[in-house]
Amino acid sequence: MTIRCQALLGTFVEITIDQESDGAITKAFTTVGQVQHLMSFYDPLSELNQINRWAHQVSLVVHPWTAEIIKIAQEIYQQSNGLFNCGIGHRLVAAGLLPRHLDLSQYELGGIEDIHFIDPQTLRASKPVCLDLGGIAKGFAVDKAVESLLASGIQSGCVNAGGDLRVFGTARPVQIRNPSRPNQLIDVGSLQNGAIATSGLYFSNRDQEQSHIINPFAKDESEAHLHFSGSYSVLANECVYADALTKVLALSNLRDHTCFTHFSAKTIKIAA
């Protein structure tokens, strides 16, 4: 077994494989780093921020992964009836949770639904946008890392990016942080060939910080930030869906939302 960890995506990414192959793990970390390079809101030169800056003015040719994640985000937006919308970056900027790279205050901003594809890799926005992929990019990066490991011939392992976890091959035990006592873990069973992600405000609540879970239908800043004390987890075949759907679960508080059936996802809610 080989286990390595790196600081990426604003968290720690741990890769575990049941073989000895430093080369395969190195390639997987490079893949995660590429997702970060493309989609980081913190990097003013990232492709995401080029979309925010220019897409309402000119057509942009983007990396296939950027196009892929935006199309996935649009599908989840549609299936969740707008509950999942990556066009909430300006809310997080206003709260001081994301850096202010450009001033969009004079615009009426659109959302993920206002991104239109001219061809598979060329997009344009019908309105100015301030997209933030923080609610989906970690899961996407985990999936790409798993794809890289499989392409390298790795038969069993897992990738964990700050609680966004995908397992392939051998089943592995899964734990969720206890929202009442964040330093404790709760065993919830085992996972094989699937993914799980969790949304919680464990440390934001402890440190009395503003919530990073945004209600896209809020009319003003006072209603924008969702506050809750429990945790919301979603199991899905791929981590990109598990990651995004935790926000749908937290915002709707409905474990039977039709969105979960559509994506063959299952939910876990732990009360504090």
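Residues numbered from 1 in each chain as written. Predicted model: local features only at pLDDT ≥ 70, side-chain atom pairs only at ≥ 80, totals over all residues. Heavy atoms only, no water.

Caption draft 1: Structural view of the packing of helix α3 (residues 64–79) against helix α8 (residues 239–252). Remark: α3 packs on α8, axes separated minimally by 11 Å, with the N-to-C direction vectors making an angle of 35 degrees. Regarding α3 and α8, the two cross each other, and that crossing is right-handed. Every residue of α8 that contacts α3 at Ile72, Glu75 and Ile76 is listed here: Val240, Tyr241, Ala244, Leu245 and Val248. (Axes fitted to C-alpha atoms, helices over the stretch in contact; angles between N-to-C directions. Helix = DSSP H or I, 4+ residues; strand = E, 2+ residues; numbered from the N terminus. Left-handed = near helix turned anticlockwise from the far one by under 90°. Contact = heavy atoms within 4.5 Å.)

Caption draft 2: The packing of aromatic side chains, seen in detail. According to the stated counting rule, one finds two aromatic pairs in the structure shown. Ring centres 6.5 Å apart and planes at 75 degrees place the aromatic pair Trp65 and Phe140 in the edge-to-face group. On the criterion of sequence distance, the pair formed by Trp65 in helix α3 and Phe140 in helix α5 (residues 137–151) is long-range, its members being 75 residues apart. No difference in accessibility class separates Trp65 from Phe140, as the two residues are buried. (Phe/Tyr/Trp six-rings, centres within 6.5 Å; stacked < 30°, edge-to-face > 60°. Buried < 20%, exposed > 50% of the residue type's maximum accessible area, 1.4 Å probe, protein only.)

Caption draft 3: Quick peek at the nonpolar core. Ile51, Ile76, Ile136 and Leu245 are the most contacted members of the largest nonpolar core, which totals 77 residues. The element that contributes the greatest number of residues to this core is α8, accounting for 10 residues. Among residues more than four places away in sequence, those in contact with Leu245 are Ile76, Val234, Cys259, Phe260, Phe263 and Ala265. Among the nonpolar cores identified, the runner-up in size contains eight residues, and Leu165, Val167, Val174 and Ile176 belong to it. (Core = buried A, V, L, I, M, F, W, Y, C linked by side-chain atoms within 4.5 Å.)

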